[in-house]
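Residue-level structure breakdown
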Amino acid sequence: DDLAITEDATHYLITDANLTLTTGTAGVIRVDANTIRVLKSAVTGGLIVNTLGEATAAADTVTIGGDVTCDGDVTINAEFINLGGNLTTRETTGTPQSGAIILNGAVTLTDDVELNTSAVNGAVSLTSTLDGAFDLTLNTGSGNAGVTGAVGGTISLDALIIDDTGIVTFNSTVCATSYEQTDLD
């Protein structure tokens, strides 16, 4: 699978040329066999993308090709996650979400990326490796951030920027051309 997620002013666009996407959810429009449009206002309480566990998938990849802002948590479960846009969470009214960003899979940066949960002081968790010759900015407000696997182990990051973040934990090696930490309170 090679799932791509982008957004415009009113919709998330989810595409996979190798899968037939179906839905019975209100606010979701099937554009063609391989593409669905999800009305942003229909996504309440967070966004979960899960491609793991599919028997026919040789390699599951989720690609974020542009900036995505979501009310509530963002969780992506995939073997490979390509990030080419910022992920931002914000407060959602009436749902008990923490505004966390959880990436369960090997992450590759394909552009400069900011993971921003500062509006809700949400946590950021990357449970595998992180590679890519681009900048990564973590901004969680007072929320914590953690990376389980090696950072820059295969391809060094250009810059690792920790901006306005609580406790940051790296459980393996970190390799970046530059490191910056700001807003230390």
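For the structure, check the block above.
Structure report, in brief. All figures in this text were calculated on a predicted structure; none of them were measured in a lab. (Residues numbered from 1 in each chain as written. Predicted model: local features only at pLDDT ≥ 70, side-chain atom pairs only at ≥ 80, totals over all residues. Heavy atoms only, no water.)

All right, on to the pairing of strand β10 (residues 101-109) then. Within a regular strand, the side chains alternate between the two sheet faces. Two elements, strand β8 (residues 73-83) and β10, share eight bridges in a ladder whose sense is parallel. When the sheet's bridge partners are listed, N82 is paired in β10 with T108. Bridging between β10 and strand β13 (residues 130-131) involves two bridges; their strand directions are parallel. Across the sheet, residue V107 finds its bridge partner in β13, namely L130. (Pairing = 2+ DSSP bridges. Helix = DSSP H or I, 4+ residues; strand = E, 2+ residues; numbered from the N terminus.)

In this section: the side chain of D73. By secondary structure assignment, the location of D73 is in strand β8. At a separation of 2.7 Å, a polar atom in the side chain of D73 contacts the main-chain amide nitrogen of G99. Within the structure, the side chain of D73 is placed 3.0 Å from the backbone nitrogen of A100, a separation counted as a polar contact. (Polar contact = N/O pair within 3.5 Å; in protein donor to acceptor, adjacent residues only side chain to side chain.)

If you walk across this open sheet you meet the six strands as β7-β9-β11-β14-β16-β18, and the pairing is parallel. With partners counted over all chains shown, the strands left at the sheet margins are β7 (68-71) and β18 (176-182), one partner each. The sheet shows a mean angle of 15 degrees between the axes of neighbouring strands, direction not considered. In terms of strand pairing, strand β14 (residues 135-139) meets strand β16 (residues 157-163) through four bridges, oriented parallel. From the neighbouring strand, L136 faces β16, where its bridge partner is L160. (Axes fitted to C-alpha atoms, helices over the stretch in contact; angles between N-to-C directions.)

This part is about the side chain of T137. Relative to the helices and strands, T137 resides in strand β14. Assessed through its relative accessible area of 15%, T137 is described here as buried. Here T137 is in contact with V113, E114, L115, I161 and D163, once residues within four sequence places are set aside. (Buried < 20%, exposed > 50% of the residue type's maximum accessible area, 1.4 Å probe, protein only. Contact = heavy atoms within 4.5 Å.)

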